[in-house]
Amino acid sequence: MKEISNSELVVLQQLWLQSPLTSSEVVDALEQSHDMHEKTVKTLLNRLVKKQAVSFEKQGRVYHYSPLIAQQDYTVKESLSFVDRMFAGKLTPLVAGFAQKNKLSAEDVAELQTLLDDWQKEQK
């Protein structure tokens, strides 16, 4: 999967919320929420099509866009890439940093504990 810029990600996130969408519908949504102009949005849609992250279907004179990348798949890929780049592939320093800065809520800790418990059960 080719690298997706932050601006392209905004467009992709809109398509994950609802699709298929026409270019006009994407423009309307992003003009309001991100102050993006029509030409910018259309350029980003074209880039995403070239990167095979978004598909389109032409119906008459209107193009309908849909994501080709599942949000969950993209999130996992980017998370792993971040951990590899910033922490040499190790999660412990990331979690420790959040814990030291009191950025982990009791709910976060409970969810992490459940994940670890489930992982340990699978390893047996």
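Residues numbered from 1 in each chain as written. Predicted model: local features only at pLDDT ≥ 70, side-chain atom pairs only at ≥ 80, totals over all residues. Heavy atoms only, no water.

- For the chain, an unreviewed UniProt entry supplies the name Transcriptional repressor, CopY family protein and the organism Shewanella frigidimarina.
- In its Sequence similarities (unreviewed entry) section, UniProt records this for the chain: "Belongs to the BlaI transcriptional regulatory family." (UniProt positions renumbered as here; feature names shortened; annotations may be inferred.)

## Re the nonpolar core
Next up, step 1: With 21 residues, the main nonpolar core has Ile-4, Val-11, Leu-15, Val-26, Leu-30, Val-41 and Leu-45 as its most contacted residues.
Next up, step 2: Elements represented by at least two residues in this core include exactly helix H1 (6-17), helix H2 (23-34) and helix H3 (38-50).
Next up, step 3: Not counting the four nearest positions on each side in its chain, Leu-45 is found in contact with Val-11, Leu-15, Ser-23, Val-26 and Tyr-65. (Core = buried A, V, L, I, M, F, W, Y, C linked by side-chain atoms within 4.5 Å. Buried < 20%, exposed > 50% of the residue type's maximum accessible area, 1.4 Å probe, protein only. Helix = DSSP H or I, 4+ residues; strand = E, 2+ residues; numbered from the N terminus. Contact = heavy atoms within 4.5 Å.)

## Structural notes on a negative patch on the surface
Next up, step 1: On the surface, a cluster of negative charge is contributed by Glu-25, Asp-28, Glu-31 and Asp-35.
Next up, step 2: In this fold, Glu-31 is placed in helix H2.
Next up, step 3: Given the relative accessible area of 37%, Glu-31 is considered partly exposed. (Patch = residues over 30% accessible without salt bridge, like charges linked within 9 Å, V, L, I, M, F, W, Y side chains within 5 Å. Areas by Shrake-Rupley, 256 points an atom, 1.4 Å probe, with all protein chains shown as cover. Salt bridge = Lys/Arg side-chain N within 4 Å of Asp/Glu carboxyl O. Lys, Arg positive; Asp, Glu negative; His and termini not counted. Charge placed at Lys NZ, Arg CZ, Asp CG, Glu CD.)

## Quick look at the pairing of strand S3 (residues 62-67)
Next up, step 1: With two bridges joining them, strand S1 (residues 21-22) and S3 adopt antiparallel strand pairing. In the strand pairing of S3, Thr-22 is matched with His-64.
Next up, step 2: With six bridges connecting them, strand S2 (residues 54-59) and S3 associate as antiparallel partners. Bridged to Lys-58 within S3 is Tyr-63.
Next up, step 3: Between S2 and S3, which follow one another and run antiparallel, lie two residues, and Gly-60 among them has a positive phi close to 70°. (Pairing = 2+ DSSP bridges.)

## Observations regarding the sheet that holds S1
Next up, step 1: Strand order in the open sheet formed by three strands is S1-S3-S2, with antiparallel pairing between adjacent strands. Here the strands that pair on one side only, and so sit at the sheet edges, are S1 and S2.

## Observations regarding unusual backbone geometry
With the exception of glycine, the majority of residues adopt a negative phi angle, and the majority of peptide bonds are in the trans configuration.
Next up, step 1: With an omega dihedral of 0°, the bond running from Ser-19 to Pro-20 counts as a cis peptide bond.
Next up, step 2: Tracing the sequence through the fold places Pro-20 in the loop between H1 and S1.
Next up, step 3: Even without glycine at this site, Gln-52 takes up a positive phi of about 60°.
Next up, step 4: For Gln-52, the position within the fold is in the loop between H3 and S2.

## Looking at the side chain of Thr-22
Next up, step 1: Along the chain, the position of Thr-22 falls in strand S1.
Next up, step 2: Given a relative accessible area of 12%, Thr-22 falls into the buried group.
Next up, step 3: With residues up to four places along the chain from it excluded, the contact list for Thr-22 reads Val-62, Tyr-63, His-64 and Tyr-65.

## Points about the packing of H2 against H3
Next up, step 1: Between H2 and H3, the shortest axis-to-axis distance is 9 Å and the interhelical angle comes to 125°. Compared by their axis directions, H2 and H3 come out oblique. The handedness of the crossing between H2 and H3 comes out as right-handed. Packed against H2, whose contacting residues are Ser-23, Val-26, Val-27, Leu-30 and Glu-31, the element H3 presents Glu-38, Val-41, Lys-42 and Leu-45 at the interface.
Next up, step 2: Across the contact of H2 with H3, the residue classes tally to five nonpolar, one polar and three charged. (Axes fitted to C-alpha atoms, helices over the stretch in contact; angles between N-to-C directions. Parallel < 35°, antiparallel > 145°, perpendicular 65-115°, else oblique. Left-handed = near helix turned anticlockwise from the far one by under 90°. Nonpolar A, V, L, I, M, F, W, Y, C, P; charged D, E, K, R; others polar.)

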